[in-house]
Amino acid sequence: NAGVMQNPRHLVRRRGQEARLRCSPMKGHSHVYWYRQLPEEGLKFMVYLQKENIIDESGMPKERFSAEFPKEGPSILRIQQVVRGDSAAYFCASSPNRGYNQPQHFGDGTRLSIL
Amino acid sequence: TQLLEQSPQFLSIQEGENLTVYCNSSSVFSSLQWYRQEPGEGPVLLVTVVTGGEVKKLKRLTFQFGDARKDSSLHITAAQPGDTGLYLCAGPQYNFNKFYFGSGTKLNVKP
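A brief structural summary. Values in this document were obtained by computation on a predicted structure and should not be read as measured data.

The rules behind each value
- Residues numbered from 1 in each chain as written.
- Chains lettered and ligands numbered in written order.
- Predicted model: local features only at pLDDT ≥ 70, side-chain atom pairs only at ≥ 80, totals over all residues.
- Heavy atoms only, no water.
- Helix = DSSP H or I, 4+ residues; strand = E, 2+ residues; numbered from the N terminus.
- Buried < 20%, exposed > 50% of the residue type's maximum accessible area, 1.4 Å probe, protein only.
- Contact = heavy atoms within 4.5 Å.
- Disulfide = S-S within 2.5 Å.
- Phe/Tyr/Trp six-rings, centres within 6.5 Å; stacked < 30°, edge-to-face > 60°.

Brief notes about the overall build of chain A
- When helices and strands are tallied, chain A shows zero helices and 11 strands.
- Each helix and strand of chain A, placed in order from N terminus to C terminus, yields the pattern β-β-β-β-β-β-β-β-β-β-β.
- Overall size of chain A, expressed as C-alpha extent along the three principal axes, is 40 × 25 × 25 Å.
- Within chain A, buried positions represent 44% of all 115 residues.
- Within chain A, residue pairs in contact and separated by at least 24 positions form 53% of the contacts whose partners lie at least 6 positions apart.

Shown next as structure tokens:
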């Protein structure tokens, strides 16, 4: 039973380029959360999606960042025109539903480095 | 400002010692979760506490949820090098649309 898969594990981009981060949730999970983590810090919520819908994007910058979770295929976090401050680890988590008894399962993240 | 404050930020101890780490908030949470994260990996859920005053045990780890559901603690007995990692607490928004994470306690257990 495969866990949450994120790719690529490492991504290097130059300033101004686009970064696309992919997250395939666990089988049967239709809820996806994206988080950002800086070194030695906790995770900061970015966006929560269900299949084909963005439910809460209050943690995601309004410019340059977008997320989607199509009916078929992985969830995508897209960062346009990247800047040095976008360098971080980005994690996604999936769950079968919402609620305290619906634990989030995390992937191993994508480490984004901006040159 | 962090909604969940964790202390201490760093902890370095010898194998066999006991330790307690704390997760505090001025807000009430319906539940709190504890995760452990190792370098290069995603967080792994250890436990969810739901009821005020609840105590849960996971081998040498004991988790407690405060009576007012504003704080939680994690106590490790006879720490081992394998316990080394970043310990994170997290709490949900009322509708579970988002989770708030503390900044973590980085634990190093020396053999």
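A few points about the environment of Pro8(B)
- With respect to the helices, strands and loops of the structure, Pro8(B) is situated in the loop between strand 1 (5–7) and strand 2 (10–14).
- Contacts of Pro8(B), omitting those with residues within four sequence positions, involve Thr20(B), Val21(B), Gly104(B) and Thr105(B).

Points about the state of the cysteines
- One pass over the structure, following the stated rule, counts two disulfides over all chains.
- Across the disulfide, Cys23(A) is cross-linked to Cys92(A) (sulfur-sulfur distance 1.9 Å). The disulfide joining Cys23(A) to Cys92(A) has a torsion of about 75 degrees about its S-S bond and is therefore right-handed. In this pair, Cys23(A) is assigned in strand 3 (residues 19–24) and Cys92(A) in strand 9 (residues 88–95), connecting sequence segments 69 residues apart. Side by side, Cys23(A) and Cys92(A) carry an identical accessibility label, which is buried.
- Each sulfur of the disulfide joining Cys23(B) and Cys89(B) lies 2.0 Å from the other. A torsion of 75 degrees about the S-S bond marks the disulfide between Cys23(B) and Cys89(B) as right-handed. Remark: Cys89(B) occurs in strand 9 (residues 85–92) and Cys23(B) occurs in strand 3 (residues 19–24); sequence separation between them is 66 residues. For the pair shown, Cys23(B) and Cys89(B) are each scored as buried.

A closer look at the packing of aromatic side chains
Residues and elements named next belong to chain A.
- Using the criterion set out here, one finds 11 aromatic pairs over all chains in the structure.
- With a centroid separation of 6.4 Å and an interplanar angle of 25 degrees, the aromatic rings of Tyr33 and Tyr35 are classed as stacked.
- On the accessibility criterion, Tyr35 (0% relative accessible area) is buried.
- Centroid distance Tyr33 to Tyr48: 4.4 Å. Interplanar angle 10 degrees. Geometry classified as stacked.

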